[in-house]
Amino acid sequence: MSAERIPREFIQRLLTHIELVDLVDSRVSLRKKSSNNYFACCPFHSEKSASFSVSQNKQFYYCFGCGAHGNAIDFLMQYDRLSFPEAIESLAKQAGMEIPKQSSAAIPNTIISNTIYEILAQIAQFYQAELRKSDITIQYLKNRGISGVIARDFCIGFAPPGWDHVLQTFGKTAALKQQLLDAGMLIKKKEGGCYDRFRERIMFPIHDRRGRVVGFGGRILNTGEPKYLNSPETTVFQKGHELYGLYQALRANRQLQRAVIVEGYMDAIALFQHDITYAVATLGTATTAHHLQCLFRYTSDIIFCFDGDQAGRTAAWRALLVTLPIIRDDSSIRFMFLPEGEDPDTMVRKEGKNGFEQRIQTAMTLSSFFFQSMSEQSDVSSIDGRARFANQASEYLNQLPTGTFQQMMFEELAKKARIEVTQLKQPKQINYKKTDYKKTNSKSQKARSPSALRLAITLLIQDPPLATDLSLPLPSLSLPGIGLFIELIETIKAYSPPNTGVLLEYWRDRKERKLLEKLAQTEHTVPTAGIKNEFLGAIEQLKKLAHTQKIEHLLAKGSQNSLSFEEKKYLHELIHNRE
């Protein structure tokens, strides 16, 4: 079930049935209590003091150490590593609530997807049973150093020789044959009929991060081409989205400290065999942005592992280009190159876990690999070469997200090119004057409201029922943030969210959510008994500001002798009524 198919009203009802303190406490021991806040050591980063706070009133959690925050849905997404729909399903089950059925137009695809998962799981079990019958295959795996435990954990199987084992076992009717075709397990013949896609191959089930089989990879047992064969893309399997071994890595590590990306099934399995339980493999395709974004949900330290030959370097450069637009200031991307002729499988068997992890520790940083690769393309000993080097490198660095890392990369580029950093083509980050910034900043400060609006939004986010007694519409204001404030009030009046956690859910996919979440955990100095009066006082200040803005607007228009009689009369009334 996709997120957009879950009615918003149901999500609100669900959140009101969930007690966040109980949900968190079932996974993290909440030890201290201060007023209505519970505390614990943060489950999302290592710490010795309790900086993870859960507010019972707000139904909102926040870590003052790492910044992790959100409502019950966010907690399950972060702690249990669930997607949004999966978190909804889990909470609904806990609350004993049934998620409303999808529209009739969406039902067929859901049924097909569920059936495909079931079929693929059954076929995986079939292949595992066939492996136990094949002494040759078992001996091959033993020769490769694969233990029975690893074979079990990765559900390794065997597709026996023959053209129709899967077809005959699972495709006894026309409808079942079609489901096997949809699952990518059969191939149609030109002259009619079907045959098994995988034959006489060691089978590696590909699991999604929930543990469901979504496809297979098959390695030829004897001679033949292709050496490796993957399932085609289906409704449940996209090669650019899945990482082989990620499910096993998440099971083996409560918190994934790092991830090593390798290129093959056997590479990932061999590393697991040697207790390096954080290896994942791409599925016969280059690393995609989706792969990296998926990994960034679990770790900030990613190491690419490539062969040390030219092909490996080229693949590493392509991976770097994919990484540039999505790298974060708090992340580490490194590149590890193995000796020519070696792969992770052979290397870890020669050097063992300690030797291989030592290579990981000395892997090249993204910045080192980037500048090394760029320097090889230009003669940096000459002026012409450095100019070309600076120009080409700038184009790549402009793809980096704005932030500290981008700034430092430009500074390093300027140092290597022997020019001033302000001469590089990066106006957003570098090409500005301090006086210009002060001038701009002063203008923006002048245009800003006093703190009344920010205080009003903060109090409203933390206590939504405050909007109950407000009348709409509010006086029109020319003020940054006033639109968001009015929308908050309209949302609260329309849906009556009882607390912060429920209210923020209406902004889940909105850019304003980040600001609202920041305000949700802001500590204000207003005593609890005076919050309502303080909020109403802020509203009064906004009304006065609106009154003043109307007067200033009419006075400015009057200075150009363009006021009508009615406007002059209205201006007189405004001035007379100003308190």
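In case you missed it, the structure is sitting above this.
Residues numbered from 1 in each chain as written. Predicted model: local features only at pLDDT ≥ 70, side-chain atom pairs only at ≥ 80, totals over all residues. Heavy atoms only, no water.

**What about the pairing of strand 12 (residues 259–262)?**
Then step 1. Burial along strand 12 is two-sided: A259 and I261 facing one way and V260 and V262 facing the other are all buried.
Then step 2. Across 3 bridges, the pairing between strand 12 and strand 14 (residues 301–307) is parallel. Bridged to V260 within strand 14 is I303.
Then step 3. For strand 12 and strand 13 (residues 279–281), the ladder comprises 3 bridges, and the chain directions are parallel. The residue bridging V262 from the neighbouring strand is A281, located in strand 13.
Then step 4. Note that the unit made of strand 12, helix 11 (residues 265–273) and strand 13 has a crossover that is right-handed. (Buried < 20%, exposed > 50% of the residue type's maximum accessible area, 1.4 Å probe, protein only. Helix = DSSP H or I, 4+ residues; strand = E, 2+ residues; numbered from the N terminus. Pairing = 2+ DSSP bridges. Right-handed = clockwise from strand over helix to strand, strands pointing away.)

**With respect to unusual backbone geometry**
Then step 1. One non-glycine residue, Q59, lies in the positive phi region at around 55°.
Then step 2. Considering the arrangement of structural elements, one finds Q59 in the loop between strand 3 (52–55) and strand 4 (60–63).
Then step 3. For Q59, a relative accessible area of 8% corresponds to the buried category.
Then step 4. Non-glycine residue D275 carries a positive phi angle of around 65°.
Then step 5. Tracing the chain through its elements places D275 in the loop between helix 11 and strand 13.

**As for the sheet that holds strand 14**
Then step 1. Taken in spatial order, the 5 strands line up as 13-12-14-15-16 in an open sheet, and their pairing is mixed. Since the sheet does not close on itself, it has two edges, and those belong to strand 13 and strand 16 (364–365), each with one partner.
Then step 2. Contacts between helix 12 (residues 289–296) and the sheet are confined to strand 12, strand 13, strand 14 and strand 15 (332–338), with strand 14 contributing the most and set at about 140° to the helix. (Contact = heavy atoms within 4.5 Å. Axes fitted to C-alpha atoms, helices over the stretch in contact; angles between N-to-C directions.)

**Things to note about the packing of aromatic side chains**
Then step 1. Under the definition given, this model contains 30 aromatic pairs.
Then step 2. Relative to F216, the ring of Y127 lies with its centre 5.4 Å away and its plane at 85°, an arrangement referred to as edge-to-face. Of this pair, Y127 sits in helix 5 (residues 107–133) while F216 sits in strand 10 (residues 213–220), placing them 89 residues apart in sequence.
Then step 3. Note on Y127: relative accessible area 2%, which makes it buried.
Then step 4. Relative to Y396, the ring of F370 lies with its centre 6.3 Å away and its plane at 85°, an arrangement referred to as edge-to-face. One end of the pair, F370, is in helix 15 (residues 366–376); the other, Y396, is in helix 16 (residues 383–397), and 26 residues separate them in sequence.
Then step 5. Judged by relative accessible area, which is 0%, F370 ranks as buried.
Then step 6. In textbook terms, an aromatic cluster arises when at least three aromatic residues are bridged by ring pairs, as seen for F304, F306, W317, F335, F337, F369, F370, F371 and Y396.
Then step 7. A cation over an aromatic ring shows up here: R212 above the ring of Y117, its NZ or CZ 4.1 Å from the ring centre.
Then step 8. Sitting above the plane of the F337 ring, R313 keeps its charged end 4.0 Å from the centroid. (Phe/Tyr/Trp six-rings, centres within 6.5 Å; stacked < 30°, edge-to-face > 60°. Lys NZ or Arg CZ within 6 Å of the ring centre and 35° of its normal.)

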